[in-house]
Amino acid sequence: MSSLSRELVFLILQFLDEEKFKETVHKLEQESGFFFNMKYFEDEVHNGNWEEVEKYLSGFTKVDDNRYSMKIFFEIRKQKYLEALDKHDRSKAVEILVKDLKVFASFNEELFKEITQLLTLENFRENEQLSKYGDTKSARAIMLVELKKLIEANPLFRDKLQFPNLKNSRLRTLINQSLNWQHQLCKNPRPNPDIKTLFVDHSCGQPNGARAPSPANNPLLGGAVPKPGGFPPLGAHVPFQPAPAPVATSLAGWMSNPPTGTHPSVSGGPIGLGGPPIPAALKHPRTPPTNPSVDFPSGDSEHPSKRTRQLGISDEVNLPVNVLPVSFPGHAHSQTFNAPDDLPKTVARTLVQGSSPMSMDFHPIQQTLLLVGTNVGDIGLWEVGSREKLVQRNFKVWDLSSCTMPLQAGLVKDPGVSVNRVIWSPDGSLFGVAYSRHLVQIYSYPGNDDVRQHLEIDAHVGGVNDLAFSHPNKQLSVITCGDDKLIKVWDATTGAKQYTFEGHEAPVYSVCPHHKENIQFIFSTALDGKIKAWLYDNLGSRVDYDAPGRWCTTMAYSADGTRLFSCGTSKDGESHIVEWNESEGAVKRTYQGFRKRSLGVVQFDTTKNRFLAAGDDFSVKFWDMDNTQLMTSSDADGGLPASPRIRFNKDGTLLAVSANDNGIKILANGDGLRLLRTFENLAFDASRASEAAKPSVNPVTASSGVGLAERVASVVGLSAMNGDPRNLGDVKPRITEETNDKSKVWKLSEINEPSQCRSLKLPENLRVNKISRLIYTNSGNAILALASNAIHLLWKWQRSERNSSGKATANVPPQLWQPSSGILMTNDVTETNPEEAVSCFALSKNDSYVMSASGGKISLFNMMTFKTMTTFMPPPPAATFLAFHPQDNNIIAIGMDDSTIQIYNVRVDEVKSKLKGHSKRITGLAFSHVLGVLVSSGADAQLCVWSSDGWEKQKSRFLQLPPGRSPAAQSETRVQFHQDQTHFLVVHETQLAIYETTKLECVKQWAPRESAAPISHATFSCDSQLVYASFLDGSVCIFTAQHLRLRCRINHSAYLPPGVRQASVIIIKFGSF
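Cut-offs applied
- Every residue gets a number counted from 1 within its own chain, in the order that chain's sequence is written.
- Under the rules for a predicted model, residues below a pLDDT of 70 receive no local features and side-chain atom pairs below 80 are neither given nor counted, while totals for whole chains, interfaces and linings still include all residues.
- No hydrogens and no water enter the side-chain calculation; it runs on all heavy atoms of the structure.
- Think of it this way: any DSSP run of H or I at least four residues long counts as a helix, any run of E at least two long counts as a strand, and we number them from the N terminus.
- Burial classes: relative accessible area under 20% of the type maximum marks a residue as buried, over 50% as exposed, and values in between as partly exposed (1.4 Å probe, protein chains only).
- Here, residues are in contact when the closest pair of their heavy atoms is within 4.5 Å.
- All accessible-area figures derive from a Shrake-Rupley calculation using a 1.4 Å probe, and residue coverage is judged against the displayed protein chains alone.
- Strands pair, by our definition, only if DSSP identifies at least two bridges between them.
- For every element, the axis is a line fit to its C-alpha atoms; helices are fit only across the contacting stretch, and the angle between N-to-C directions ranges from 0 to 180 degrees.
- Any residue with relative accessible area above 30% and no salt bridge may belong to a patch, with like charges joined within 9 Å and the nonpolar Val, Leu, Ile, Met, Phe, Trp and Tyr side chains within 5 Å.
- By definition here, a salt bridge exists when the distance from a side-chain nitrogen of Lys or Arg to a carboxyl oxygen of Asp or Glu is within 4 Å.
- An angle below 35 degrees is read as roughly parallel, one above 145 as roughly antiparallel, one from 65 to 115 as roughly perpendicular, and any other as oblique.
- For any helix crossing, the convention is left-handed if the near helix is rotated counterclockwise from the far helix by under a right angle, and right-handed if that rotation is clockwise.
- Each residue is assigned to one class: nonpolar for Ala, Val, Leu, Ile, Met, Phe, Trp, Tyr, Cys and Pro, charged for Asp, Glu, Lys and Arg, and polar for all the others, Gly among them.
- As used in this structure description, the phrase polar contact means that two N or O atoms lie within 3.5 Å; if the pair is within protein, one of them must be able to donate a hydrogen and the other to accept it, and residues adjacent in sequence are counted only when both atoms belong to side chains.
- Residues enter a nonpolar core if they are buried and are Ala, Val, Leu, Ile, Met, Phe, Trp, Tyr or Cys, with the set joined through side-chain atoms within 4.5 Å.
- Two rings from Phe, Tyr or Trp (for Trp, the six-membered ring) form a pair when their centres sit within 6.5 Å of each other. Planes less than 30 degrees apart are called stacked, planes more than 60 degrees apart edge-to-face, and all others tilted.
- Here, a charge over a ring means that NZ of Lys or CZ of Arg falls within 6 Å of the ring centre while also lying within 35 degrees of the ring normal.

Caption draft 1: Structural view of the overall build of the chain. Helix and strand counts for the chain come out as eleven helices and 55 strands. Within the chain, the proportion of its 1073 residues that are buried is 56%. Looking at the chain alone, contacts between residues at least 24 apart form 57% of all its contacts between residues at least 6 apart. Accessible area for the chain stands at about 44600 Å²; split by element, carbon and sulfur atoms hold 49% of it.

Caption draft 2: Broad picture of the sheet that holds strand S52 (residues 1015–1020). Strand order in the open sheet made by the five strands is S30-S55-S54-S53-S52, with mixed pairing throughout. Each edge of the sheet is formed by a strand with only one pairing partner; in this case those strands are strand S30 (749–751) and S52. Pairs of neighbouring strands in the sheet enclose a mean axial angle of 20 degrees, with direction left out of account. Two elements, strand S54 (residues 1036–1040) and strand S55 (residues 1046–1050), share four bridges in a ladder whose sense is antiparallel. Across the sheet, Val1036 pairs through a bridge with Ile1050, a residue of S55.

Caption draft 3: Summary view of a nonpolar patch on the surface. Taken together, Leu198, Phe199 and Val200 make up a surface patch of nonpolar side chains, about 400 Å² in accessible area. Here Val200 is to be found in the loop between helix H9 (170–184) and strand S1 (346–352). What makes Val200 exposed here is its relative accessible area of 54%.

Caption draft 4: Molecular detail of the packing of helix H5 (residues 67–86) against helix H6 (residues 90–101). Taken N-terminus to C-terminus, the directions of H5 and H6 make an angle of 165 degrees; their axes are 8 Å apart at the nearest point. With respect to each other, H5 and H6 are oriented roughly antiparallel. Here the hand of the crossing between H5 and H6 comes out left-handed. Residue-level inspection shows Phe74, Arg77, Lys78, Lys80, Tyr81, Ala84 and Leu85 of H5 in contact with H6, the latter providing Arg90, Lys92, Ala93, Ile96, Leu97, Asp100 and Leu101. The residue makeup of the contact of H5 with H6, split by class, is eight nonpolar, no polar and six charged.

Caption draft 5: Fine view of the side chain of Ser470. As for its position among the elements, Ser470 is in strand S10 (residues 464–470). One polar contact links Ser470 to Tyr536, side chain to side chain, over a distance of 3.3 Å. With near-sequence residues (within four places) excluded, Ser470 lies in contact with Gln475, Leu476, Ser477, Ile479, Pro513, Gln520 and Tyr536.

Caption draft 6: Layout of the environment of Glu52. With respect to the helices and strands, Glu52 occurs in helix H4 (residues 50–57). With relative accessibility at 25%, the residue Glu52 sits in the partly exposed group. Counting along the chain gives eleven residues from Glu52 to Phe41, while the straight-line C-alpha distance between them is 9.1 Å. Here Glu52 is in contact with Tyr40 and Glu44, once residues within four sequence places are set aside.

Caption draft 7: Geometry of the pattern of salt bridges. For the structure on display, the rule yields 31 salt bridges. In this structure, the salt-bridge partner of Glu83 is Arg140, at a minimum N-O distance of 2.8 Å. Linking Glu83 in helix H5 with Arg140 in helix H8 (residues 136–153), this pair joins segments that are 57 residues apart in sequence. Overall, the relative accessible area of 13% leaves Arg140 in the buried class. Put simply, Arg647 and Asp605 hold a salt bridge, and the shortest N to O gap is 3.7 Å. With Arg647 in strand S26 (residues 646–648) and Asp605 in strand S22 (residues 604–607), the pair connects residues that are 42 residues apart, well separated along the chain. On the accessibility criterion, Arg647 (21% relative accessible area) is partly exposed. A single salt-bridge network, built from bridges that share partners, covers Arg563, Glu579, Arg589 and Asp626.

Caption draft 8: Looking closely at the nonpolar core. Within the largest apolar cluster, 42 residues are counted, with the highest numbers of intra-cluster contacts made by Phe36, Phe41, Leu57, Ile72, Ile76, Tyr81 and Leu101. Secondary-structure elements contributing two or more residues to this core are helix H3 (38–46), H4, H5, H6, helix H7 (109–116) and H8. The element best represented in this core is H5, accounting for ten residues. In this view, Phe36 contacts Phe41, Tyr56, Leu57, Phe60, Ile151, Phe157, Lys160 and Leu161; residues no more than four positions away in its chain are not counted. Listed in part, the 22 residues of the second largest apolar core include Leu371, Val422, Phe431 and Leu439.

Caption draft 9: Quick peek at H3. All buried positions along H3 are accounted for by Met38, Tyr40, Phe41, Glu42, Glu44 and Val45. Residues of H3 that are buried in the fold lie against helix H2 (22–32), H4, H5 and H8. Where H3 begins, one side-chain oxygen reaches toward the backbone nitrogen of Lys39, 3.2 Å away; that side chain belongs to Asn37. Downstream of H3 by one or two residues, Gly48 has phi in the positive range, about 70 degrees.

Caption draft 10: Inspection of the side chain of His202 at higher detail. By the element assignment, His202 lies in the loop between H9 and S1. What His202 contacts, discounting residues up to four positions off in sequence, is Leu179, Gln182, His183, Cys186, Pro193 and Ile195.

Caption draft 11: Local environment of the environment of Cys204. With respect to the helices, strands and loops of the structure, Cys204 is situated in the loop between H9 and S1. Residue Cys204 is classed as buried on the basis of its relative accessible area, which comes to 10%. Apart from residues lying up to four places away in sequence, Cys204 is in contact with His183, Cys186, Asn188, Pro189, Arg190 and Pro193.

Caption draft 12: Looking closely at the packing of aromatic side chains. Within this structure, the stated rule accounts for 31 aromatic pairs. Ring geometry for Tyr56 against Phe60: centres 5.5 Å apart, planes inclined by 55 degrees, an arrangement best described as tilted. Among the residues examined, Tyr56 registers a relative accessible area of 1% and is labelled buried. Classification of Phe60 as buried rests on a relative accessible area of 6%. Aromatic side chains Phe594 and Trp623 sit 5.2 Å apart centroid to centroid with 40 degrees between the ring planes, which places their arrangement in the tilted category. Here Phe594 is found in the loop between strand S21 (586–591) and S22, whereas its partner Trp623 is found in strand S24 (residues 619–624), with 29 residues between them in sequence. The exposure classification of Phe594 matches that of Trp623, with both residues buried. In textbook terms, an aromatic cluster arises when at least three aromatic residues are bridged by ring pairs, as seen for Phe36, Tyr40, Phe41, Tyr56, Phe60 and Phe157. Here the guanidinium or amino end of Lys796 rests over the ring plane of Trp817, the centre of that ring lying 4.0 Å away.

Okay, structure coming up:
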């Protein structure tokens, strides 16, 4: 549609509204899609007219248009669903679930199942996470706040929320002008024409010689007469108000050409991630990592127990889940803490830097890496988890000849220098150091202990007081400020100066770059207390304000960029933390609780869009952003200076605090403590790795370990037989040719060279020494591994041009994946050597959860957030094998090292049955949903078949060992069902065998020669046509599943690095040839 046609629609909309055609005007808004009437939308939502709400939205967007649209429809349908539940209209709720909400299952099946769980509750408020849900009216009102943010952020609504600024009755005026023009063209115009129709052009019938009057003094249709009630009165969203002036006097209004619809940042994540911050919110587990989880009972209590869990489990998503985070009415944040318990207040580490810390910053991704700058110019890089100082650099000018003469002369006279600021770039690939003498040094950080010189800039005359990174014009820049009263912007790649901002009348103390929509800007503070704001245009400051205290002030935004705070200390020692109202340029809140006279300049930090912290009075003080009163404080077990320097990590789980005697204390909350324990295990493995020059086979874990150890990064070898067919012509016999014809001679293919197969090495940077368990996820797009140090690793394949399916392939390497929180899935371990423990895990059938153990308690992890949902069953006995019931993920079979099998119900935290029949530890479990049985295997080389109804034992049989062969004392026996669910594969170091389940008879068996290496592991291919087996010498053999006939052998030289001659290998499920 042309621009003029579009404008005509707006004129018609105005006319219809003025003539009170209410239904018609909204119908045209919807059908044209030109103007979204927010006031009408709000009214319909408030009234609960859900059908009309969705119908109106459909003119502008569809559910699957983008992530914002998906969230909009999801929030509306979720509210409709909750209201039906609140009215106890179960049939209506089910109808909404099936008709309206099921569409989201294809985008996030886990979330759909989580919503379904609410049907099992008599009152959904019984769920702890929905206990604060108010009445329908308040819930709708709170939801509307989020919907408006989503609509304003949705690019499909761009330019559709603002109605043109028209004069009243604009269409009448245009028609009037047209008729006057027609009248002027009349051959014999009358002085007072009588116009009775618009269907045909006007023409005066009789001559009178008079000239046509002008529209200004003779409105034919009343075009100049305004009608009351312009179109339409929309309250806060009036689309006809004049655009704001380009220069305003508020903190938020100074940006030139500001967007007309500013709004807080809105998450663009998948549905369920960024739901409204309301009690009615129903979110996905990938919400910020500090969301409260369901209050599970501790696993340390007496077992078996009969504690009641609060959240039931149903069908697919049938595990305890952290999916219903809520916040309290009136809070502007979406995260919820159980303050102050979730604040990092426990002293977990004490580090000794060697000189007094002046500035600290955690790595934005590797959230246990702490960068430190000191009062003598030193910088240190700590891995706080392992307490290891990775890097120590003393101050040194990299190129003295390129420095200005004042700096050279000053360094000769007084070589002393201090660090004023250290900070990481947003992606953690660079970090900057601002010194008290002229210089800024930028380092690149590839990882581990590798720190490289990148840029050295003689930035300011005098001290460089602050440093920040920003992305103006989509280019990484470095922003500095100094004693010379200037702010400068530098290219972070070349070091070229891009901008210089002048205007402060005192040394500039701090800078705070930020952006609103596409407008990039910088706040700065000076030692005279002035706050100024700058665009990247060299046109001077846009605002001029006085900071409380009028001396040393720093500014910071909340993590979501919607709230602005400053902290300052006056020359008299009075300290202030305030929140600013950006729209008015005024102080919105002043927080109480500081010492009357602070002994030094107070530093502060924010975390989680919820908390403020400051170092004052020999302690760390904490405030809730929405409460001006001091919430709590911590002296970190003593030993802090008067005004300690502080810094949160990105997730707020760790807090670094400067201490006396050149120390740094790391405070942690519960999640932080678990994160640090992870690195205790890593440190143990690193020390173990340095003892071995080459991999060796651990007699206990050899059957499933990958013994390829490197100090910095170990790799897991993964070979896939999908390479060039010219090299693999002999490796692809057709399965359909398999017959019982004994005369048929099959050619055994040998793979000896890397060129004969395509392989990948999966990199990881966690210093893992050995992989204990390794499987594909059920979806086929990821690999999950469990290392011997109890850490889980997850590699995911992404959709790309080279891998359109996003499934596992050797053509494209997967990525080692972690949630944004940076936490790791780490099992509970005992005090004994973790490598001596038996590791086991099992995935739920929708890949949402993993149940895992490494000799300690069993842990349940959320695969999306890596959060520990619960732990249970502390040893002894320890779990040695885990399996989910195929039809009810509430039921888990747990094999124990005391030879028993415990049938455990997750929903009620109760052991339902204990199965006894083996004499040694359980090494394998497999369910058949067709036969309704559980098959178990043990280190005693015995197989047992149990009914999954009453859990009674049906049959048992010991393996038929090849003549002259006796198993090792701790040899494992594994079992896995064929795709037909009636046959199963048995894997023992002495043999492979296929058993028929109902009779428990061996129908096929294959045994290696006595001189050959023992079998370490084997598995069916995904279609059960082949069996892949690995051996302790590193070789891999491929068999037909029907007859266990050897078809191909892959020697270790084809995929193991040169020089490695002995390693155990895990084969994961491949497809057939």
